[in-house]
Amino acid sequence: LRIGVFDSGIGGLTVLRALHRRWPGHSTIYLGDTARVPYGTKSPETVARYAMQAARLLMDEGVELLVVACNTASATALDALTALPLPVVGVIEPGALAAAAAAPTPDAHIAVIGTHATVQSGAYQRALARLLPAARVTALACPLFVALADEGWEATPVAREVARTYFAEWIKDGGERPSVLVLGCTHYPVLKEAIAAALGPDVRLIDSAETTAEALAPHLDGLPADTSPTHRLLVTDGAPGFLATAERILGRAGLSFDVVDLPATH
Ligand code: DGL
């Protein structure tokens, strides 16, 4: 099968990497909208329009299954995208399912971190309320994490300090640490260590990249693998700054991206 993976930028390569590991026999086309990243600060209407344009381009490329790797686009545009004539898998539901499964008790404190748009959409909060109604769910926007990951600063004292500052309410004396934390943004798995260092060892971190790769099972289980799977990488802007980060996230050097223009939908 040819799987399309879409993100606002290159953070979604965390999801692509998990897909390659879990489903090595299938072809992939990754599209990062580097010309218009970030989505996390934009309105739901704009994100939905961008996501639709990206989906149409990937469909023109022959994609048969679409993975919305971007949490912001999944949180705000999945309903619009599911009207398209191909299966669409977002990252919210798989992440929420994994968080509910990891909760030590039905009334556990589950925290979700993501962009402003993801937190404001309430998508994770709704999914968790449905799956685990007694859970106490808090959601927190951590936009600086995206910049830290893009800059390659994920393993620095600055990253740990930013994490401690964001999580101050939870980690102060008398504060209530979550027992499960959903990394609800493509870039956050890159900062796992700094986040874990700030919260301590008892917090279970949910990486929606891995859980999303697993969520493709109903679509891919039992399908024959491609005889020679191909992998293409597309971006909407080719300014060289992103390449080193992309190679670090995907864990491979010598990547080459084709630059494409997205079709207008209206
Ligand atoms: N890809 C976005 C997400 O997962 C993060 C970057 C952005 O704001 O576009 O929410």
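Being a predicted model, the structure only gives us computed values, none of them experimental.

**Q** Can you lay out the overall build of the protein for me, pointing to particular residues and giving the numbers?
**A** Across its full length, the protein holds 13 helices and 10 strands. Taken over C-alpha atoms, the radius of gyration comes to 18 Å for the protein, in line with the 18 Å a tight globule of 266 residues would show. Relative to its full complement of 266 residues, the protein shows a buried share of 55%. Partitioning the intrachain contacts of the protein with sequence separation of at least 6 by distance along the chain shows that 75% fall at a separation of at least 24. When the accessible surface of the protein is split by element, carbon and sulfur atoms take 54% of a total near 11,400 Å². For the protein, the separation between the mean place of its 20 positive charges and that of its 27 negative charges on side chains is 2 Å.

**Q** Break down the site of the ligand for me, with residues and values.
**A** Every residue near the ligand is listed here: Asp-7, Ser-8, Val-37, Pro-38, Tyr-39, Gly-40, Cys-70, Asn-71, Thr-72, Thr-115, Cys-185 and Thr-186. The separation between an oxygen atom of the ligand and a polar side-chain atom of Ser-8 is 2.6 Å. In this structure, an oxygen atom belonging to the ligand sits 2.6 Å away from a side-chain N or O atom of Thr-72. Counted by class, the shell around the ligand contains 5 nonpolar, 6 polar and 1 charged residues.

**Q** How would you explain the sheet that holds strand E10 (residues 258-259) if you had to name every residue and give the values?
**A** Spatial ordering of the open sheet is given by E4-E3-E1-E2-E9-E10, a layout of 6 strands whose pairing is parallel. What marks the edges here is a single partner per strand, and that holds for strand E4 (88-89) and E10. Alignment of strand E9 (residues 231-235) against E10, held across 2 bridges, turns out to be parallel. Bridging from a neighbouring strand, Leu-234 pairs with Asp-258 of E10. Strands in contact with helix H1 (residues 13-22) are strand E1 (2-7), strand E2 (27-32), strand E3 (65-68) and E9; relative to E2, the strand with the most contacts, it is inclined by about 175 degrees. This element, helix H2 (residues 44-60), spans E1, E2, E3 and E9 of the sheet and lies at about 155 degrees to E1.

**Q** Describe the nonpolar core, naming the residues involved and giving the relevant values.
**A** Where a protein is soluble and globular, its nonpolar side chains tend to be buried together. In this structure, Ile-3, Val-5, Leu-13, Leu-19, Leu-216 and Phe-257 are the most contacted members of the largest nonpolar core, which totals 27 residues. When contributions to this core are tallied by element, the ones reaching two or more residues are E1, H1, E3, helix H11 (208-214), helix H12 (217-220), E9 and helix H13 (242-250). Considering each element in turn, this core owes the most residues, 5 residues, to H1. Residues contacting Val-5, with those up to four places away along its chain left out, are Leu-16, Leu-19, Ile-29, Tyr-30, Leu-31, Leu-58, Val-67 and Ala-69.

**Q** How would you summarise the packing of H1 against H13 if you had to cite specific residues and measurements?
**A** Following both chains from N to C, one finds H1 and H13 inclined at 35 degrees, their axes separated by 9 Å at the closest point. As for how H1 packs across H13, the hand of that crossing is right-handed. Between H1 and H13, the residues in contact are Leu-13, Thr-14, Leu-16 and Arg-17 and Ala-246, Ile-249 and Leu-250, respectively. Residues that form the contact of H1 with H13 fall into these classes: 5 nonpolar, 1 polar and 1 charged.

**Q** How would you sum up the environment of Thr-105? Please name residues and give values.
**A** Secondary-structure assignment places Thr-105 in the loop between helix H4 (92-102) and strand E5 (109-114). Sequence separation of Thr-105 and Ala-134 is 29 residues, and the distance between their C-alpha atoms is 9.2 Å. A distance of 2.9 Å separates polar atoms of two side chains, one belonging to Thr-105 and the other to Asp-107.

**Q** Hey, could you go over the environment of Asp-7 for me, with residue numbers and the actual values?
**A** Position of Asp-7 among the secondary structure elements: in strand E1. On the basis of relative accessibility, which here comes to 0%, the residue Asp-7 falls in the buried class. Sequence separation between Asp-7 and Val-235 is 228 residues, and the spatial gap between their C-alpha atoms is 9.6 Å.

**Q** Break down the pattern of salt bridges for me, with residues and values.
**A** Scanning all chains against the criterion turns up 10 salt bridges. With a closest N to O distance of 2.9 Å, Arg-130 and Glu-93 form a salt bridge. On the criterion of sequence distance, the pair formed by Arg-130 in helix H6 (residues 123-131) and Glu-93 in helix H4 is long-range, its members being 37 residues apart. Overall, the relative accessible area of 34% leaves Glu-93 in the partly exposed class. The salt bridge partner of Asp-258 is Arg-232, with a shortest N-O separation of 3.3 Å. Of this pair, Asp-258 sits in strand E10 while Arg-232 is found in strand E9, placing the two residues 26 residues apart along the sequence. Assessed through its relative accessible area of 32%, Arg-232 is described here as partly exposed. Among the charged side chains, a salt-bridge network with shared partners connects Glu-61, Arg-232 and Asp-258.

Rules used in this analysis
Residues numbered from 1 in each chain as written. Predicted model: local features only at pLDDT ≥ 70, side-chain atom pairs only at ≥ 80, totals over all residues. Heavy atoms only, no water. Helix = DSSP H or I, 4+ residues; strand = E, 2+ residues; numbered from the N terminus. Rg over C-alpha atoms; globule rule 2.2 N^0.38 Å. Buried < 20%, exposed > 50% of the residue type's maximum accessible area, 1.4 Å probe, protein only. Contact = heavy atoms within 4.5 Å. Areas by Shrake-Rupley, 256 points an atom, 1.4 Å probe, with all protein chains shown as cover. Lys, Arg positive; Asp, Glu negative; His and termini not counted. Charge placed at Lys NZ, Arg CZ, Asp CG, Glu CD. Near = heavy atom within 4 Å. Polar contact = N/O pair within 3.5 Å; in protein donor to acceptor, adjacent residues only side chain to side chain. Nonpolar A, V, L, I, M, F, W, Y, C, P; charged D, E, K, R; others polar. Pairing = 2+ DSSP bridges. Axes fitted to C-alpha atoms, helices over the stretch in contact; angles between N-to-C directions. Core = buried A, V, L, I, M, F, W, Y, C linked by side-chain atoms within 4.5 Å. Left-handed = near helix turned anticlockwise from the far one by under 90°. Salt bridge = Lys/Arg side-chain N within 4 Å of Asp/Glu carboxyl O.

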